Amino acid sequence: HVVVQRDTESFVDLVLEIPSQPAEGMEDLFADPTARVTATGPLGYVQLGLDRRVVSAKIDRLVGRMLLSACLAAVLGVLLMFLLVRRITQPLAAFVDATRAVARGQWDRRVSVDSRDELRELGESFSRMLTQLRTYRRRVETDQATLESRVEERTQELQAAKDHALELADRAEQASRAKSEFLAN
């Protein structure tokens, strides 16, 4: 029980009662819990005087330390969050740069991610995909060049056949004129 005897602006006087019997659950606080006191009232009182200015100064220091700790924790939290976000966004920026380069036709681009997580796996998959696309692109370019060569050959063959046909048609016309002239004479 706490009894306030005197309360002024700068001083608090507290009186605490010392019970004769331990309260339930508090037996281990007594030196010999088996010893029983036969007194029925309190064993005595403890008087505690507190200077409010001293207590207030200690509370102010404690609150100041708590605020400083909270501010330091907040700054540390923001710094750690910045580093974590940067660690995630840097590889993503590399992916964006690589996709833009590929869109511009730079097929030799690779994505290298220094991590041991899904981003590294994504980078490796992206690089494998680009390697496969380069292979397919080379095949298409080779097939296209082969097809263009064949078309050129066929065009030349058709042109030669056309020229030959025109030459034969010209000869046939000359022979027909010669025949007509012969018959006319």
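Residues numbered from 1 in each chain as written. Predicted model: local features only at pLDDT ≥ 70, side-chain atom pairs only at ≥ 80, totals over all residues. Heavy atoms only, no water.

Undergrad: Got a minute to help me understand helix H1 (residues 52-103) in this structure?
TA: Helical geometry note: an α-helix holds 3.6 residues per turn, so side chains three or four residues apart project in the same direction. Compared with the 76 Å implied by 1.5 Å per residue over 52 residues, the 74 Å span of H1 between its first and last C-alpha is a close match. Residues of H1 that are buried include every one of Pro 91, Phe 95, Ala 98, Ala 101 and Val 102, and no others. Its buried side turned inward, H1 meets helix H2 (118-184). Of the residues flanking the end of H1, it is Gly 105, one or two places downstream, whose phi is positive at about 100°. (Helix = DSSP H or I, 4+ residues; strand = E, 2+ residues; numbered from the N terminus. Expected span 1.5 Å × (residues − 1). Buried < 20%, exposed > 50% of the residue type's maximum accessible area, 1.4 Å probe, protein only. Contact = heavy atoms within 4.5 Å.)

Undergrad: Can you walk me through the packing of H1 against H2 in this structure?
TA: A pair of packed helices can be characterised by two numbers: the angle between their axes and the separation between those axes. Between H1 and H2, whose axes approach to 11 Å, the crossing angle comes to 10°. Between H1 and H2, the interaxial angle falls into the category roughly parallel. The segment H1 lies against H2, with Ile 88, Pro 91, Leu 92, Phe 95, Ala 98, Thr 99 and Val 102 engaging Leu 119, Leu 122, Gly 123, Phe 126 and Leu 130. In terms of residue class, the contact of H1 with H2 is made up of 10 nonpolar, 2 polar and no charged. (Axes fitted to C-alpha atoms, helices over the stretch in contact; angles between N-to-C directions. Parallel < 35°, antiparallel > 145°, perpendicular 65-115°, else oblique. Nonpolar A, V, L, I, M, F, W, Y, C, P; charged D, E, K, R; others polar.)

Undergrad: It is not clear to me how a nonpolar patch on the surface should be interpreted in this structure. Could you clarify?
TA: A contiguous nonpolar patch, built from Leu 48, Leu 50, Val 55, Ile 59, Val 63 and Leu 67 and spanning about 460 Å² of accessible area, is present on the exposed surface. Where the nonpolar patch is concerned, the elements lending two or more residues are strand S3 (44-51) and H1. Relative to the helices and strands, Leu 50 is located in strand S3. Assessed through its relative accessible area of 30%, Leu 50 is described here as partly exposed. (Patch = residues over 30% accessible without salt bridge, like charges linked within 9 Å, V, L, I, M, F, W, Y side chains within 5 Å. Areas by Shrake-Rupley, 256 points an atom, 1.4 Å probe, with all protein chains shown as cover. Salt bridge = Lys/Arg side-chain N within 4 Å of Asp/Glu carboxyl O.)

Undergrad: What is the right way to read the packing of aromatic side chains from this model?
TA: Ring pairs (aromatic) are described by centroid distance and by the angle formed between their planes. Taken as a whole and assessed by the stated rule, the structure comprises 1 aromatic pair. For the pair Phe 95 and Phe 126, a centre-to-centre distance of 6.1 Å together with 80° between the ring planes defines the contact as edge-to-face. In this pair, Phe 95 is assigned in helix H1 and Phe 126 in helix H2, connecting sequence segments 31 residues apart. Residue classification places Phe 126 among the buried residues on the basis of a relative accessible area of 13%. (Phe/Tyr/Trp six-rings, centres within 6.5 Å; stacked < 30°, edge-to-face > 60°.)

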